[in-house]
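Topology and contacts: notes
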Amino acid sequence: MRLPLAPLTVPLLGTWLVASGCQKGSPDDASGPKTEPAVIAFADCQAGPVPGDAPLRLLTRRAYDNSVADILGDVGNASAAFPPENQLLGFNTSAEAHQASPLLVSEMLSAAEGIAERTVATKLDQVAPCASGATMDCGAEFVREIGRKLFRRPLVAAEELVFLRLFTEALEQNSYANAISVALQAMLQAPQFLYRVESIRPPLVESGPQLLGPYEIATRLSYFLTESAPDDTLLEAAAQNALGTRDELEMQARRLLQLPHARSMVANFHAQWLGTEELGRVIREQAGVTPPANFGSLLQASLAGYMDAAFWEKGTFENLFSSDEIFLDAKLAPFFGHAATREGFSAVSEPTQRFGLLTQPALMVALAHPNQTAPVFRGVFLRQHFLCNEVPPPPPTVNAVAPEPDPKATTRERFRQHTESPVCASCHTLIDPVGFGFENYDQFGRFRTEENGLPVDASGALNDLPETSLNGPFSGPAELAQRISQSTSARDCLATQWYRFAAGRAETAADRCSLRPIQAEFQASGALPEVPLKIALSDAFRYRPPYVLNGGVKP
Amino acid sequence: MKLGRRHFLHGAAGTLVALPMLDSLQVNAQPAAPPKRLVLMYTPNGTIQDAWWPKNVTSPTAFDLNTIHAPLESHKSRLTFLGGVDLAVTGVGPGGPHQRGIGSLFTGRELQVGQFLDGCGRAAGWANGISVDQRIAAEVGASVPIKSLELAARSTQADVQARISYAGPGSPLPPTNTPLEVYNRLFSRLDVPVNVAAQVIARRKSVLDSVQQQYAILKAQVSSHDAEKLEKHLSLVRDLESRLSASAGGGAICAKPMPPLSQDPEGEPEMPEIVRLHFEFLALAFACDLTRVGSLQISTALNRIRYPWLGSLGNGHTLSHSGDSDTAANTEIVTRHTWHSQMLAHFLDSLAAIAEGEGSALDNTLLVWGSEVSKGNLHTLTNMPWVIAGTLGSRIPGGRYLQFNGAPHSQLLLSLLHAFDVADNSFGHPDYASGELPGLLT
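Residues numbered from 1 in each chain as written. Chains lettered and ligands numbered in written order. Predicted model: local features only at pLDDT ≥ 70, side-chain atom pairs only at ≥ 80, totals over all residues. Heavy atoms only, no water.

A few words now on the interface of chain B and chain A. It is common to give the size of an interface as the accessible area lost on bringing the parts into contact. Facing 63 residues of chain B, the contacting portion of chain A comprises 73 residues. A combined buried area of about 5,700 Å² lies between chain B and chain A, and 58% of that area is made up of carbon and sulfur atoms. A salt bridge links B:R204 to A:E113; the shortest N-O distance between them is 2.7 Å. Counting residues per element, the ones that place at least two in the side of chain B that touches chain A are β5 (116–117), β9 (171–172), α4 (179–187), α5 (194–219) and α6 (224–242) of chain B. Among the elements that make up the side of chain B that touches chain A, the one with the highest residue count is α5(B) (13 residues). (Contact = heavy atoms within 4.5 Å. Buried area = accessible area lost by both parts, 1.4 Å probe. Salt bridge = Lys/Arg side-chain N within 4 Å of Asp/Glu carboxyl O. Helix = DSSP H or I, 4+ residues; strand = E, 2+ residues; numbered from the N terminus.)

Dropping the structure here:
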């Protein structure tokens, strides 16, 4: 069923990147393929699917490791020496930014050798059994069977032949195990494994959106929801061509979302969205305050516990931004004023002190300077990450340095210049009054009502947001969190962030036809787990735009 | 006393062992003309001018080294200080000063637009051009196993502030932060017997041949945009394959070090050992002619790191923002840079111990040390703290403190190309390209 697209409930400007032509990956990005019309009228969505761009994507380290572990049982963290993926919009799944480098190619060679050597040494009988002793036949069977899993589809004859030739040559000079290893090394470095390929099929001249083939849908589905290769069930469904309808797809998507990999994927999305991946080695300091050892890692686990419960157990947007819980273990609990008697991480209620995700200790620590709070970081972060509202950067001539802590003043007083100087005020009225709303949380994430013996004033204001009901003064974090928890643009933004993570790129005009219904449903339901599910079921996920074959020549 | 390469030893390090002569390591005799080599070195957040630039200067060749470079006293005759060279190209393009500075440092280019944020919310992308080391590697590094070796300490993030080397516009080369990974890449197969090494090479070639055939099959099924991406990857596979044979026949007589321990690349206590090992492995890679171009990035501008082994407990970026009169903070910065000089001095000593031709590997190596700003507290992008170590024979006479009075640093980068006999007429952003730095080269 196609959802009605009108009436629109939110202004568009808040959710789509403004087509300023100055952001890579934006609709005007000159590097992207020129296959989509510049403007998509909403009426066009009714006429049929309008998928956004679908560029070739290189596996992330996580996807590589999961695939190898699931297909070959090799859990050796094979990608450990790969360089980290370049990130775009905060996510490492970017099709444009994550690219091959000499180091990556060299390390992929080493990784493939390591995996292959370990595999034939420890589980040759499971991966490439050859009870008959007819090694040629067994090798061919291995290439077909493991190839089908690694390439996420049956090999075409030409592909199979290349590997078989390699296997045969190796077998002439070496053992069966060795020949299997050599073939496996090549398969693990083949682009059909390393890239998520959606090939152009006959008749090769494409007009209009193309429904993906069953194996391609299976691949998109599994790498999005489980960050791994399709499992046997999914490959079987693809073989039966049982992924073409929305119902069939939904059944598989719901199944995948039950798997442990899906929980990891959601946690990975949250860590990237919230930018807490670097929190592990954080240094926060103040005379007389000693946080527990590995403070940053503990906070990461605390936030992961909170997000896990919010997504999988409570499951609603409103709870995510209003819960009074934080997650503590025996080490963190005393630091935050609670009894240490607990095993692992569990929830603690702080009814008058915590107001959902915005006030989680990990986030407050991540958005702080080592020796003081950071109202500017906090204000910018809230607007960009939770409202998808881009804040203009300061002019290059401004020397932006936080004022030194002053034992006689509050942070708020020290930042007053931002809003008193007319030049600074033009942007900082958008930022600082938001950040001041978090002044109840120090650089250790602890709740405070006093700073340097002076009372904390955590009142503030949201200004100039497209969702006008958000704008206006608030009295403190409780009211700020309450406003975000009821915000339509914050809901749209979360759906947008998921969409960027899933699509591996910024949303474009063409994505509106898929993204708007997802946002509309999320506005109505507020159900967090429905967002990735609905993305997986969207037209953007099932179709791709028409492409011109490389060189325009038919093979 | 100079030692032959096979006897390469590093006294202070204690981790090197001289190996018995191995078949695989003496396939070729030492090359007729010693190779030329380049190293880029980067330290963040500028410097303290009063402790960096030479003092008691009476002429361009008569001066005393300042505090920071005191550990390099024995190499003074090989040092060239370049005063008055500006990062003029940072006047164009997006980004904050640290981003603009590091992006342009060795590329001479502005930044692309993009989504990386600096600490103040300013956004930018990658640098918009190839870096000078890669241009030079294309000339001097064609026949060695590894085109270039990008190394870093505490630069693990994947953004513009953690990259100094670029294969081309928007194509940064990620560095390796972990010595164990460097070791595995460089040395893990160095001492395998020659017949086994030949088998490994033969096997890798057939594997990569198959891989390349798969690329050919796949490229015929995708859009031209995707085919470009595949072609780029394929060219890297081809390059890797073309260098496989070099790994057996590189010909250098060299020693294999002991494998280092596994280390947390962002660990605070590990950092000095990581920097030391990177320099040591780079010297060994040169001794073995595994590569001829390297770079070492010693952390990033905004990573707020401490140097507790020096008693320096301030956060790097915060320290660099301290006022000129804050002597305690400035002393910490000077202490850190003095330590950088000390590490550099060990590296130069290592190169000097590798006999080569009539002299040593140091005679054929050029190291360029730079930072992305000159004064951290003002984010100044003029009068950058450039120092060159090494003379490339007599191409860049050392023992000099030259003044260039606001020359754009693209002139320096072009001079570097010419020092390596790369005949290009300009380098970097065309609006800022205006020939060599006058008088730098002989």
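Residue and element names in this part refer to chain A. In this fold, S228 is placed in the loop between α8 (214–225) and α9 (232–239). Residue S228 is classed as buried on the basis of its relative accessible area of 1%. In terms of polar contacts, S228 uses its side chain to reach the backbone carbonyl oxygen of N66, at 3.3 Å. Setting aside residues up to four positions removed in sequence, S228 forms contacts with N66, S67, D70, S222, Y223 and H261. (Buried < 20%, exposed > 50% of the residue type's maximum accessible area, 1.4 Å probe, protein only. Polar contact = N/O pair within 3.5 Å; in protein donor to acceptor, adjacent residues only side chain to side chain.)

So, about the environment of B:V132. Residues and elements named next belong to chain B. Relative to the helices and strands, V132 is located in helix α3 (residues 132–140). In this structure V132 comes out as buried when scored by relative accessible area, which is 0%. V132 sits 15 residues away from K147 along the chain, and the two C-alpha atoms are 13 Å apart. With residues near it in sequence (within four places) discarded, V132 still touches L40, F106, L413, L416, L417 and F427.

A separate point is the sheet that holds strand β15 (residues 400–408) of chain B. Picture the strands of a sheet paired through backbone hydrogen bonds; they go either parallel or antiparallel. All names here are of chain B. Pairing is mixed across the open sheet formed by seven strands, whose spatial order is β7-β10-β1-β13-β14-β4-β15. The outermost strands of the open sheet, each flanked by one partner alone, are β7 (149–153) and β15. Averaged over all adjacent pairs, the angle separating strand axes in this sheet is 15 degrees, with direction ignored. Two strands pair when backbone bridges link them, and strand β1 (residues 37–42) and strand β10 (residues 293–298) are joined in this way by five bridges, in the parallel orientation. In the strand pairing of β10, L38 is matched with V293. Contacts between helix α10 (residues 327–352) and the sheet are confined to β1, β10, β13 (365–370) and β14 (386–389), with β13 contributing the most and set at about 170 degrees to the helix. (Pairing = 2+ DSSP bridges. Axes fitted to C-alpha atoms, helices over the stretch in contact; angles between N-to-C directions.)

Moving on, we come to the packing of helix α6 (residues 176–189) of chain A against α5(B). Between α6(A) and α5(B), the shortest axis-to-axis distance is 9 Å and the interhelical angle comes to 40 degrees. When the axis of α6(A) is compared with that of α5(B), the two are oblique. Between α6(A) and α5(B) the crossing geometry is right-handed. Touching A:V182, A:Q185, A:A186 and A:Q189 of α6(A) are B:R203, B:V207, B:L208, B:S210, B:V211 and B:Y215, all from α5(B). A class-by-class count of the residues in the contact of α6(A) with α5(B) yields six nonpolar, three polar and one charged. (Parallel < 35°, antiparallel > 145°, perpendicular 65-115°, else oblique. Left-handed = near helix turned anticlockwise from the far one by under 90°. Nonpolar A, V, L, I, M, F, W, Y, C, P; charged D, E, K, R; others polar.)

A separate point is the packing of aromatic side chains. Applying the stated criterion across every chain, the model contains 39 aromatic pairs over all chains. Relative to A:F444, the ring of A:F335 lies with its centre 5.9 Å away and its plane at 70 degrees, an arrangement referred to as edge-to-face. Of this pair, A:F335 sits in helix α14 (residues 332–335) while A:F444 is found in the loop between α19 (422–435) and β8 (450–451), placing the two residues 109 residues apart along the sequence. The two residues A:F335 and A:F444 agree in class, both being buried. Here the aromatic rings of B:W52 and B:W53 are separated by 6.4 Å at their centres, their planes lie at 80 degrees, and the arrangement is edge-to-face. Residue placement shows A:R220 over the ring face of A:F541; its charged tip is 5.9 Å from the ring centre. It is B:K76 that lies over the ring of B:F63; its NZ or CZ is 5.0 Å from the centre. (Phe/Tyr/Trp six-rings, centres within 6.5 Å; stacked < 30°, edge-to-face > 60°. Lys NZ or Arg CZ within 6 Å of the ring centre and 35° of its normal.)

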